[in-house]
Amino acid sequence: MYDTLILAAGDEVNPVIPHPAEIILGLVAFLLLLFVVKKFVSPRFEALYAERTAKIEGGIEKAEQAQAEAQRTLEQYKEQLAEARAEAARIRDDARAEGLQIVEELREQAQAESSRIIAQGQHQLDAQRAQIVAELRADLGRTAVELASKVVGESLEDDTRRRGTVDRFLNELDAVAAPASK
């Protein structure tokens, strides 16, 4: 076949068509290179590929674990935050209740103090009133005795008589004044 190609070209060698020895030698070199690549280079590439895949998958797995841990931590944080808010609300409610209780106690104390002051004032008023009434009775008694002495024309110097007259007069005066005040 090679001879026919050469003859067809007119005794000249065609540079496009390689020599059969070159084809055989190229084929042997290619097979040898293929053998070396399959035997040494390809396994090394496969090992590197497997190692890199393992690293990537391990990194992905670690990232997933880290994300899961972050999610758990976030949930714990949310729970703690919710507990803290509930605790704060409870403390606020307790403080309000305690404040209301203190206000109520202070109100009761003020009411008791007010009642005590009013009772003391009433007692002082009653004492002053009794003192004034006693002074007025004595003064009124003297004035009544003097007037009665002048009107009657006799001396009411006798203490017993005078007391009886004054007391009777004052009792009649009280009896007249009592229905009017009611």
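Residues numbered from 1 in each chain as written. Predicted model: local features only at pLDDT ≥ 70, side-chain atom pairs only at ≥ 80, totals over all residues. Heavy atoms only, no water.

1. Digging into the overall build of the protein chain
At step 1: Along its length, the protein chain carries 3 helices and 0 strands.
At step 2: Listing every helix and strand of the protein chain by position from the N terminus yields α-α-α.
At step 3: With the model as given, the accessible surface of the protein chain reaches about 15,900 Å², and the carbon-plus-sulfur share is 61%. (Helix = DSSP H or I, 4+ residues; strand = E, 2+ residues; numbered from the N terminus. Areas by Shrake-Rupley, 256 points an atom, 1.4 Å probe, with all protein chains shown as cover.)

2. Looking at the pattern of salt bridges
At step 1: Enumeration over the complete set of coordinates arrives at 7 salt bridges.
At step 2: Ionic pairing is found between Arg-90 and Glu-87, a salt bridge with its closest N-O pair at 2.3 Å. Placement of both Arg-90 and Glu-87 in helix H2 (residues 20–152) is noted, with a separation of 3 residues, approximately one turn of the helix.
At step 3: Using a relative accessible area of 41% as the deciding quantity, one classes Arg-90 as partly exposed.
At step 4: Salt-bridge contacts for Asp-94 lead to Arg-90; the nearest nitrogen and oxygen are separated by 2.8 Å. Residue Asp-94 and its partner Arg-90 are both found in helix H2; the two are separated by 4 residues, about one turn of the helix.
At step 5: Classification of Asp-94 by relative accessible area gives partly exposed; the value is 40%.
At step 6: Connected through shared salt-bridge partners, Glu-87, Arg-90 and Asp-94 make up one network. (Salt bridge = Lys/Arg side-chain N within 4 Å of Asp/Glu carboxyl O. Buried < 20%, exposed > 50% of the residue type's maximum accessible area, 1.4 Å probe, protein only.)

3. Some remarks on the confidence of the model for the protein chain
At step 1: Taken residue by residue, the protein chain gives an average pLDDT of 84. The fraction at 70 or more is 85%.
At step 2: Mean pLDDT across the elements of the protein chain bottoms out in helix H1 (residues 2–9) (50) and peaks in H2 (90). (pLDDT = per-residue confidence, 0-100.)

4. Description of a nonpolar patch on the surface
At step 1: There is a patch of nonpolar side chains on the surface, built from Leu-32, Leu-33, Phe-35, Val-36, Val-37, Phe-40, Val-41, Phe-45 and Leu-48 and spanning about 850 Å² of accessible area.
At step 2: You can see Phe-35 is positioned in helix H2. (Patch = residues over 30% accessible without salt bridge, like charges linked within 9 Å, V, L, I, M, F, W, Y side chains within 5 Å.)

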